[in-house]
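Residues per chain are reported as follows:
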Amino acid sequence: MVNIVPSISFFCPAYNEAENLPEFIPGVIRFLSSISGKFEIIIIENGSNDNTGGVADQLAEKFPQIKVIHNPINLKYGASLRKGFAAAIYDYVMYSDSDNQYDVREIDLDVVNRRSTGAKLSEDIDHVFLEQKGKTIAKKEAKDDGKEDGSLDDADLVEFPT
């Protein structure tokens, strides 16, 4: 294990992802184990119609680093993001969708390491987001669009200045 970051919280909103979580989460664990000796995974189950909540709970029983937050109804993506950031306890916070659309291993570890030491970079990290408390590590951020439902969509993703 390389200790690229001292500690990291990873969270993923999950809506109707019962089939994807068993494949996705072990990959996240392998990735986080490769960059830090101290991490947590928070699954935000968002009122799914399938067995996502049950699958998430089974994963939490199997892996002690996993916590599950259950929303009784679908509170939309933005509310899940806010819950994930609020629940995160470690120095770095990373999130991704849980549908296997993005591979968390696509984050360039050299970029993370250089950014965490304060170097300014122009590389772009897309689709997977990483932040250090008080300091932006990733290239994009979710910005609330002011909708009362708390939702975020692609139009709410804004690039940080380099």
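Because the structure is predicted, anything quoted here is derived from the model rather than measured.

1. Digging into the nonpolar core
Counting residues in each nonpolar core, the largest one holds 26 residues, and the members touching the most others are Phe-10, Ile-25, Leu-32, Ile-41 and Ile-43. Of all the secondary-structure elements, those providing two or more residues to this core are strand S1 (8–14), helix H1 (21–35), strand S2 (39–46), helix H2 (52–62) and strand S4 (92–95). Sort the elements by how many residues they give to this core and H1 lands first, with eight residues. Apart from the residues within four sequence positions on either side, Phe-10 is in contact with Phe-24, Val-28, Leu-32, Glu-40, Ile-41, Ile-42, Met-94, Tyr-95, Ser-96 and Val-104.

2. Things to note about the packing of aromatic side chains
Counted under the stated rule, the structure contains four aromatic pairs. With a centroid separation of 6.1 Å and an interplanar angle of 45°, the aromatic rings of Phe-10 and Phe-24 are classed as tilted. Separated by 14 residues along the polypeptide, Phe-10 in strand S1 and Phe-24 in helix H1 bring together distant segments of the chain. Given a relative accessible area of 0%, Phe-10 falls into the buried group. Each ring, one from Phe-11 and one from Phe-85, has its centre 5.0 Å from the other, and the planes form 75°; the classification is edge-to-face. Of the two residues, Phe-11 is situated in strand S1 and Phe-85 in helix H3 (residues 76–87); the sequence distance between them amounts to 74 residues. For Phe-85, a relative accessible area of 30% translates into the label partly exposed. Through successive ring pairs, a cluster of aromatic residues spans Phe-11, Phe-85 and Tyr-95.

Conventions adopted
Residues numbered from 1 in each chain as written. Predicted model: local features only at pLDDT ≥ 70, side-chain atom pairs only at ≥ 80, totals over all residues. Heavy atoms only, no water. Core = buried A, V, L, I, M, F, W, Y, C linked by side-chain atoms within 4.5 Å. Buried < 20%, exposed > 50% of the residue type's maximum accessible area, 1.4 Å probe, protein only. Helix = DSSP H or I, 4+ residues; strand = E, 2+ residues; numbered from the N terminus. Contact = heavy atoms within 4.5 Å. Phe/Tyr/Trp six-rings, centres within 6.5 Å; stacked < 30°, edge-to-face > 60°.

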